[in-house]
Amino acid sequence: MRAFSYERPADLPAALVAIGKPGAKFLAGGTNLLDLMKIEAETPQHLVDIARLPLGEIVEENGSLRIGAMATNSDLAAHARVRERYPLLSRALLNGASGQLRNQATTGGNLLQRTRCYYFYDPSAPCNKRAPGSGCSALHGYNRIHAILGASDACIAVHPSDMAVALAALDAEIEVRSASGARRIAIADFHRLPDATPQKDTNLEPGELITAVILPPPPGGRQIYRKVRDRASYDFALVSVAAVLDLDGERIRAARIALGGVAHRPWRALDAERQLVGATLSDDAFAAAGEAAVKGAQGRGHNDFKIQLAARSVARALADAAKQRMI
Ligand SMILES: Cc1cc2nc3c(=O)[nH]c(=O)nc-3n(C[C@H](O)[C@H](O)[C@H](O)COP(=O)(O)OP(=O)(O)OC[C@H]3O[C@@H](n4cnc5c(N)ncnc54)[C@H](O)[C@@H]3O)c2cc1C
Ligand code: SF4
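Figured I'd write up the structure that's included with this text. Residue numbering note: each chain is counted from 1, following its sequence as written. To read the labels, note that chains go from A and ligands from 1, taken in the order they are written. Owing to the predicted nature of the model, reporting of local features is limited to residues with pLDDT of at least 70; listing and counting of side-chain atom pairs is limited to 80 or more, with chain, interface and lining totals taken over all residues. Side-chain metrics rest on all non-hydrogen atoms present in the structure, leaving aside hydrogens and water.

**Comments concerning the site of ligand 1**
Stage number 1. For this purpose, a residue is taken to be near a molecule or strand whenever a single non-hydrogen atom of the residue falls within 4 Å of it. Within the structure, ligand 1 sits among 32 residues, and Phe26, Gly30, Thr31, Thr106 and Asp162 are positioned closest to it.
Stage number 2. Here a polar contact is recorded for every N or O atom pair within 3.5 Å, except that within protein the pair must consist of a potential hydrogen donor and a potential acceptor, and residues adjacent in sequence are included only if both atoms are side-chain atoms. Phe26 is positioned such that a nitrogen or oxygen atom in its backbone is 2.5 Å from an oxygen atom of ligand 1.
Stage number 3. Taking Gln113, its side chain carries an N or O atom lying 3.3 Å from a nitrogen atom of ligand 1.
Stage number 4. To measure how exposed things are, a 1.4 Å probe is used in the Shrake-Rupley method; for residues, cover is taken only from the protein chains shown. Considering ligand 1 on its own, with 980 Å² of exposed area, one finds that the protein chains cover 93% of that surface.
Stage number 5. Put simply, DSSP marks the helices as runs of H or I at least four residues long and the strands as runs of E at least two long, and each gets a number from the N terminus on. Counting residues per element, the ones that place at least two in the shell around ligand 1 are β2 (24–27), α7 (107–112) and β8 (209–215).
Stage number 6. It is α7 that contributes the most residues to the shell around ligand 1, 4 residues altogether.

**Details of the nonpolar core**
Generally speaking, nonpolar side chains in soluble globular proteins are found buried as a group.
Stage number 1. What is meant by a nonpolar core is a set of buried Ala, Val, Leu, Ile, Met, Phe, Trp, Tyr and Cys residues, joined one to another through side-chain atoms within 4.5 Å. Whether a residue is buried, partly exposed or exposed follows from its accessible area with a 1.4 Å probe, protein chains only, as a fraction of its type maximum: under 20%, in between, or over 50%, in that order. In this structure, Ile67, Leu89, Leu111, Leu167 and Leu215 are the most contacted members of the largest nonpolar core, which totals 36 residues.
Stage number 2. Listed by contribution, the elements that provide at least two residues to this core are β5 (64–68), α3 (73–78), α5 (87–94), α8 (162–169), β6 (173–178), α9 (187–190), β8 and β10 (239–248).
Stage number 3. When residues in this core are grouped by element, the largest group, 7 residues, is from α8.

**Some details on the pairing of β8**
Successive side chains on a regular strand alternate, one facing one side of the sheet and the next facing the other.
Stage number 1. With 7 of its 7 residues buried, β8 lies for the most part within the structure.
Stage number 2. Strands qualify as paired when DSSP identifies two bridges or more between them. Here β5 runs beside β8; their pairing, made up of 4 bridges, is antiparallel. In the sheet register, Gly68 faces β8, and the bridge partner there is Ala212.
Stage number 3. Pairing of β6 with β8 involves 5 bridges; the strand directions are antiparallel. Note on β8: the bridge partner recorded for Arg177 is Leu209.

**Side note on the packing of aromatic side chains**
Two numbers describe a pair of aromatic rings. These are the distance of the centres and the angle of the planes.
Stage number 1. Aromatic rings from Phe, Tyr and Trp, taking only the six-membered ring of Trp, are treated as a pair when their centres fall within 6.5 Å; an angle between ring planes under 30 degrees marks them as stacked, one over 60 as edge-to-face, and anything in between as tilted. For the structure shown, the criterion picks out 3 aromatic pairs.
Stage number 2. Both rings, one in Tyr118 and one in Tyr119, keep their centres 6.0 Å apart while their planes meet at 80°; by these two values the pair is edge-to-face.
Stage number 3. Note on Tyr119: relative accessible area 18%, which makes it buried.
Stage number 4. With a centroid separation of 5.5 Å and 80° between ring planes, the pair formed by Phe120 and Tyr121 is classed as edge-to-face.
Stage number 5. Relative accessible area serves as the criterion here: at 0%, Phe120 is assigned to the buried category.
Stage number 6. Through a chain of ring-to-ring contacts, three or more aromatic side chains come together here, namely Tyr118, Tyr119 and Tyr142.
Stage number 7. In this structure, Arg231 packs its charged tip against the face of Tyr234, placed 4.6 Å from the ring centre. Here, over-ring charges are defined by two tests on the NZ atom of lysine or the CZ atom of arginine: distance to the ring centre within 6 Å, and angle to the ring normal within 35 degrees.

**Considering the sheet that holds β8**
Stage number 1. Pairing is antiparallel in the open sheet, where 5 strands are placed in the order β4-β5-β8-β6-β7. Each edge of the open sheet is held by one strand with a lone partner, namely β4 (58–61) and β7 (181–186). Across this sheet, the average inter-strand angle for adjacent strands is 25°, counted without regard to direction.
Stage number 2. Sheet topology note: the β4/β5 ladder contains 4 bridges and is antiparallel. In the strand pairing of β5, Glu61 is matched with Ser64. Each axis is a line fitted through C-alpha atoms, and for a helix only the stretch in contact is used; angles between axes span 0 to 180 degrees, taken between their N-to-C directions.

Structure representation (structure tokens):
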């Protein structure tokens with residue numbers, strides 16, 4: 001691990017000044033950043049510890065829910081309003097990591113956790129995300145966990161967060177603040193596709209701190225989060241699906257579908273959603289939506305199975321949502 005300096009600012013303005021120092025990075029729960037520092041995939045010169053800033057509150061504001069960036073994954077999953085109005089978010093969080101990790105991991109850090117591509121974690125392997133211009137070892141290497149949608153020849157990694165997939169289905173906004181002011185970023189614009197610059201995971205600007213995630217009033221309908229992974233105890237998603245199905249009797253009034261484990265960012269299946277509007281509940285309609293969700297998907301060899309897995313996972317999630325008791 002490289003040497004670094006450390007400070008714990010007393011308040012938010014001090015944190016926004018501190019992050020301007022050369023090579024500075026925020027430290028939240030540390031469950032991803034510290035691992036990456038140990039293998040020198042991340043080499044900050046200065047850590048700005050935000051753990052004690054008053055950013056942990058979860059409060060209702062005009063029908064929306066404001067989730068402080070330091071709210072832990074455990075507290076967010078267990079929050080009464082989340083369980084009652086946004087159950088798919090609670091399910092997604094509880095499907096992520098282990099109990100101990102969720103107690104430490106934060107909302108802001110979860111959004112900014114980095115890919116689990118094996119080569120990103122192997123300092124001896126070429127990796128455009130870790131060392132831009134060095135090449136992508138996964139492209140012609142072992143790519144079982146990699147992307148089937150939205151990838152580029154520079155990088156085929158996937159975003160690992162379960163929470164972010166739920167936030168994509170719920171149309172969340174990310175509130176960020178820097179020394180020059182505050183802004184909100186729609187979740188759909190927050191994470192990036194790799195294109196030619198896979199080293200950039202998000203559209204966050206240098207010096208910006210995530211202060212909160214805002215959930216709009218919940219969409220009507222039944223919510224579900226389905227995760228397929230190799231190991232049940234804890235593991236990252238091979239494919240996950242966050243779905244909301246709004247029904248008028250047997251007819252689908254509206255649908256939202258977001259997939260995880262398939263792309264460099266949570267993947268909203270807009271064509272599948274449009275196709276479902278007005279359809280009558282049936283296994284055929286769900287299967288067709290699954291096929292629409294993976295339209296244009298490309299396997300890279302070891303991950304070819306994910307295309308069918310994703311289509312079937314979407315169909316299964318929709319069928320389960322249709323059977324669910326109305327919330
Ligand atoms: C064994 C293991 C299994 C896991 N399994 C899963 C899983 O199944 N699903 C899943 O979703 N996740 C999983 N995780 C990942 C875990 O959820 C993340 O490590 C965690 O959410 C990161 O949060 P943190 O607060 O610890 O972030 P940190 O490690 O402190 O920070 C991560 C990054 O975010 C930046 N950052 C943090 N907060 C802010 C902020 N407010 N503003 C700006 N930048 C900020 C930091 O600078 C850093 O770059 C797993 C982790 C481990 C170790
Ligand atoms: S897929 Fe992305 S993270 Fe993995 S080796 Fe290629 S460039 Fe690196």
